[in-house]
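Close look at the chain arrangement
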Amino acid sequence: LEQDKTFVKDAKDFSTLLNACGRHERGDIGLKVAMGDRDIYYGMAAALLQQHRRMLRDGIEYAKQHGVVDVGHCYLLDGGTAIKDTLIGVIAGMLYGAQVIGQDKPILAFSIDEESNCKFSARATWPLVRKGVHLGEAMKKAASAAGGEGGGHNIAAGATVPVARKDDFVRAFDAEVASQLSASSSPGS
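These lines cover the structure that appears in this document, whether it is placed above or below. A quick note: this is a predicted structure, and the numbers were derived from the prediction, not measured.

**Brief notes about the overall build of the chain**
Along its length, the chain carries seven helices and six strands. Reported as C-alpha extents along the three principal axes, the dimensions of the chain are approximately 60 × 35 × 30 Å. Accessible surface computed for the chain: about 10000 Å², of which carbon and sulfur atoms make up 51%. Considering the chain, the positive charge centre built from 22 side chains and the negative charge centre built from 23 side chains are found 4 Å apart.

Below, the structure written as structure tokens:
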């Protein structure tokens with residue numbers, strides 16, 4: 001039986017704790033906690049969760065301070081090296097709820113990973129998906145056009161492209177989103 005007011009009492013809190021361990025490349029700590037360690041490893045996991053939450057808050061603040069650019073058919077957040085590549089997608093999705101961006105366009109966000117690649121993440125809203133947006137397809141096509149790889153789901157997707165091709169990718173992604181929206185609004189669609 002788990003103690004009250006711990007991150008392992010509730011399944012949602014427990015999954016958030018394990019997610020934080022994984023996103024900070026310490027899945028080994030999450031595994032120890034999942035196997036029942038409630039001493040040293042639980043304390044380490046709880047500290048990672050607090051760090052994770054702080055980094056998410058900092059990412060939202062970064063977006064507010066540095067701005068999100070309206071590219072045309074999507075918003076763009078350049079996280080550079082200030083936002084960890086394993087967190088850029090989570091932060092991108094949170095920008096809707098934080099009211100940093102409107103819900104009228106997908107958000108495309110990127111950061112630079114340890115191999116100096118651009119790690120892109122895109123998020124949309126369900127109304128955008130119903131209008132024809134499929135981010136996985138857009139990421140796949142844009143990444144292919146920019147010498148990278150990408151894909152995912154209709155509402156959330158990712159891609160990795162060489163830094164030198166970042167602008168090519170952004171243009172291709174924006175054009176693909178425009179194409180998806182115009183195809184769904186065409187007569188007979």
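**Points about the packing of aromatic side chains**
The full count for this structure, using the stated rule, is three aromatic pairs. Note on Phe-169 and Phe-173: the rings are 6.2 Å apart at their centroids and 20° apart in plane angle, and the pair reads as stacked. Of this pair, Phe-169 and Phe-173 are both found in helix H7 (residues 166–185), four residues apart, which corresponds to roughly one turn of the helix. The burial state of Phe-169 is the same as that of Phe-173; both residues are buried. Here a set of aromatic residues connected by ring pairs shows up, and it is made of Phe-110, Phe-120, Phe-169 and Phe-173. Here the basic side chain of Lys-105 rests over the ring of Tyr-75, its NZ or CZ set 5.5 Å away from the ring centre.

**With respect to the nonpolar core**
Counting 41 residues, the largest nonpolar core has Leu-77, Ile-107, Leu-108, Phe-120, Met-139, Phe-169 and Phe-173 as the members making the most contacts within it. Contacts of Phe-169, omitting those with residues within four sequence positions, involve Leu-108, Phe-120, Met-139, Ala-142, Ala-143, Ala-146, Ala-159 and Val-161. Grouped together as the second largest cluster of nonpolar side chains are eleven residues, Cys-21, Val-33, Ala-46 and Leu-49 included.

**Quick word on helix H2 (residues 27–34)**
Within H2, burial applies to Ile-29, Gly-30 and Val-33. Buried residues along H2 cover an arc of 100° about the axis, so they all sit on one side. Where H2 is buried, its residues meet helix H1 (11–23) and helix H3 (40–66). Backbone geometry just downstream of H2 places Gly-36 in the positive-phi region, at approximately 115°.

**Digging into the packing of helix H6 (residues 135–145) against H7**
With their axes 8 Å apart at the nearest point, H6 and H7 run at an angle of 140° to one another. Of the possible angle classes, the one that applies to H6 and H7 is oblique. Like other packed secondary-structure pairs, H6 and H7 cross with a definite hand, here right-handed. In this structure, H6 uses Leu-135, Glu-137, Ala-138, Met-139, Lys-141, Ala-142, Ala-143 and Ala-145 to contact H7, whose residues at the interface are Phe-169, Ala-172, Phe-173, Glu-176, Val-177 and Gln-180. Of the residues in the contact of H6 with H7, the class split is ten nonpolar, one polar and three charged.

**Topic: the pattern of salt bridges**
All chains considered together, the criterion is met by eight salt bridges. Lys-141 is paired through a salt bridge with Glu-176; the nearest N and O atoms lie 3.5 Å apart. Of this pair, Lys-141 sits in helix H6 while Glu-176 sits in helix H7, placing them 35 residues apart in sequence. We note a salt bridge from Asp-168 to Arg-171, for which the minimum N-O separation is 2.8 Å. Here Asp-168 and its partner Arg-171 are both found in helix H7, three residues apart, which amounts to about one turn of the helix. Residues joined by salt bridges that share partners form a network here, namely Arg-165, Asp-168 and Arg-171.

**Describing unusual backbone geometry**
One non-glycine residue, Gln-99, lies in positive phi territory at about 60°. When you line up the elements, Gln-99 lands in the loop between helix H4 (88–97) and strand S3 (107–112). Even without glycine at this site, Ser-116 takes up a positive phi of about 65°.

About the criteria used
- Per-chain numbering applies: the sequence of each chain, read as written, is numbered from 1 onward.
- The model is predicted, so local features are restricted to residues of pLDDT at least 70 and side-chain atom pairs to those at 80 or more, both for listing and for counting; the totals for chains, interfaces and linings are taken over all residues.
- Side-chain measures here rest on the full set of heavy atoms in the structure, leaving out hydrogens and waters.
- Secondary structure elements follow DSSP: runs of H or I of four or more residues count as helices, runs of E of two or more count as strands, with numbering from the N terminus.
- Accessibility throughout is a Shrake-Rupley quantity obtained with a 1.4 Å probe, and a residue counts as covered only by protein chains that appear here.
- Lys and Arg are tallied as positive, Asp and Glu as negative. Neither His nor the chain termini are counted.
- A single reference atom marks each charge: NZ on Lys, CZ on Arg, CG on Asp, CD on Glu.
- Centre distance within 6.5 Å is the pairing criterion for rings of Phe, Tyr and Trp, where only the six-membered ring of Trp is used; planes under 30 degrees apart are then read as stacked, over 60 as edge-to-face, and the remainder as tilted.
- The buried label applies to any residue whose accessible area, calculated with a 1.4 Å probe on protein chains only, is under 20% of its type's maximum; exposed applies above 50%, and partly exposed to all values in between.
- Each ring is checked for a lysine NZ or an arginine CZ that lies within 6 Å of its centre and within 35 degrees of its normal; such an atom marks a charge sitting over the ring.
- Throughout, nonpolar core names a set of buried Ala, Val, Leu, Ile, Met, Phe, Trp, Tyr and Cys residues whose side chains join them through atoms within 4.5 Å.
- The contact definition used throughout considers only heavy atoms, calling two residues in contact when any of these lie within 4.5 Å.
- Arc, as used here, means the arc of the directions from the helix axis to the C-beta atoms.
- Lines fitted to C-alpha atoms define the axes, with helix axes restricted to the stretch in contact, and inter-axis angles between N-to-C directions lie between 0 and 180 degrees.
- Here is the rule for angles: anything less than 35 degrees is roughly parallel, anything more than 145 is roughly antiparallel, 65 through 115 is roughly perpendicular, and the remaining ranges are oblique.
- The handedness criterion is simple: a crossing whose near helix is rotated anticlockwise from the far helix by less than a right angle is left-handed, and one whose near helix is rotated clockwise is right-handed.
- Amino acid classes used here: Ala, Val, Leu, Ile, Met, Phe, Trp, Tyr, Cys and Pro are nonpolar; Asp, Glu, Lys and Arg are charged; the rest, including Gly, are polar.
- A pairing counts as a salt bridge when a side-chain nitrogen of Lys or Arg comes within 4 Å of a carboxyl oxygen of Asp or Glu.

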